[in-house]
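Topology and contacts: notes
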Amino acid sequence: DITSMMDQLVKVRNCRAYSLASMKSSVPYLKPNAESVLNQIGTAFRDSLKAKGLPDYRILVTSLLRTREDVGDLMKTNALAVTNSCHCYGTTFDISYTLFEPLSLGKTMSAEDLKKVLGEVLLDQKIAGNIYVKHELNQPCFHITSRN
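Just so you know, these numbers come straight off a predicted model, no measurement behind them.

Section: the environment of A17
- Note that A17 resides in the loop between β1 (10-11) and β2 (18-20).
- Measuring from C-alpha to C-alpha, the distance between A17 and L38 comes to 8.3 Å, with 21 residues separating the pair along the chain.
- Those residues within four positions of A17 in sequence are excluded, and the remaining contacts are N39, G42, T43, R58 and I59.

A word on the side chain of S96
- Position of S96 relative to the elements: it lies in strand β5 (residues 92-102).
- Owing to a relative accessible area of 2%, S96 belongs among the buried residues under this scheme.
- A distance of 3.1 Å separates a polar side-chain atom of S96 from the backbone nitrogen of T98.
- Those residues in contact with S96 that lie beyond four places of it in its chain are L60, T62, L118, P140 and C141.

Thoughts on the packing of aromatic side chains
- One pass over the full model with this rule turns up two aromatic pairs.
- Taking the ring centre of Y97 as reference, the NZ or CZ of K115 above it sits at 3.9 Å.

Here's the deal with the pattern of salt bridges
- Tallied over the full model, the rule gives four salt bridges.
- The salt bridge partner of R46 is D56, with a shortest N-O separation of 2.4 Å. Residue R46 is found in helix α2 (residues 32-51), and its partner D56 is found in the loop between α2 and β4 (57-63); the two are separated by 10 residues along the sequence.
- According to the relative accessible area criterion, R46 is buried, its value standing at 15%.
- The closest approach of N and O atoms between K52 and E120, which form a salt bridge, is 2.7 Å. Here K52 is found in the loop between α2 and β4, whereas its partner E120 is found in helix α4 (residues 111-127), with 68 residues between them in sequence.
- Assessed through its relative accessible area of 42%, K52 is described here as partly exposed.
- Since its relative accessible area comes to 38%, E120 is described here as partly exposed.

Brief notes about the environment of D47
- Structurally, D47 is set in helix α2.
- Separated by 30 residues in sequence, D47 and A17 have C-alpha atoms that sit 9.7 Å apart.

A few points about the sheet that holds β4
- One open sheet holds the five strands; their spatial order is β2-β4-β5-β7-β6, and the pairing between them is mixed. The strands lining the two open edges of the sheet, one partner per strand, are β2 and β6 (131-135). With strand direction ignored, the average angle separating the axes of adjacent strands in the sheet is 35 degrees.
- With five bridges connecting them, β5 and strand β7 (residues 141-146) associate as antiparallel partners. The partner of S96 across the bridge, within β7, is C141.
- Taken strand by strand, α2 contacts β2, β4, β5, β6 and β7, and its axis lies near 150 degrees from that of β4.
- Packing of α4 onto the sheet brings it into contact with β4, β5, β6 and β7, and relative to β5 it is tilted by some 145 degrees.

Observations concerning the pairing of β6
- Bridge count between β6 and β7: five bridges; the pairing is antiparallel. Bridged to K134 within β7 is H143.
- Here β6 hands over to β7 after five residues, the two strands then running antiparallel side by side.

Here is what the cut-offs are and how they apply
- Residues numbered from 1 in each chain as written.
- Predicted model: local features only at pLDDT ≥ 70, side-chain atom pairs only at ≥ 80, totals over all residues.
- Heavy atoms only, no water.
- Helix = DSSP H or I, 4+ residues; strand = E, 2+ residues; numbered from the N terminus.
- Contact = heavy atoms within 4.5 Å.
- Buried < 20%, exposed > 50% of the residue type's maximum accessible area, 1.4 Å probe, protein only.
- Polar contact = N/O pair within 3.5 Å; in protein donor to acceptor, adjacent residues only side chain to side chain.
- Phe/Tyr/Trp six-rings, centres within 6.5 Å; stacked < 30°, edge-to-face > 60°.
- Lys NZ or Arg CZ within 6 Å of the ring centre and 35° of its normal.
- Salt bridge = Lys/Arg side-chain N within 4 Å of Asp/Glu carboxyl O.
- Pairing = 2+ DSSP bridges.
- Axes fitted to C-alpha atoms, helices over the stretch in contact; angles between N-to-C directions.

Below, the structure is given as structure tokens:
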């Protein structure tokens, strides 16, 4: 349960690197190393957009730590949800690949083009040995687990 893990968790809040979606099936906590990886991904995403001369966006985090109750509720509506979810350990989070938060006025980009930039960032993180990443098809997100 989350209460027994609180001394191992940090609260995840909106920041320059990412924004939190409204979450019904998780709570805004991660282990410090996972939050650090999330921050690295968000920062690298924004840096990559800037380096390419593209408009500024922030990634949108759609899921974080799940309690047993969260998992039970999710299993009632999502056939893919499992009892022993990786989200229960504070090391896994989901990032949308269809929704991004625009931070610059004027120029915009398609979600597909933003997804490609995010995919490049995630591939770099995977190659560096920092994450496991799964491209979800039934949910429009990348499912990411910190390896540290």
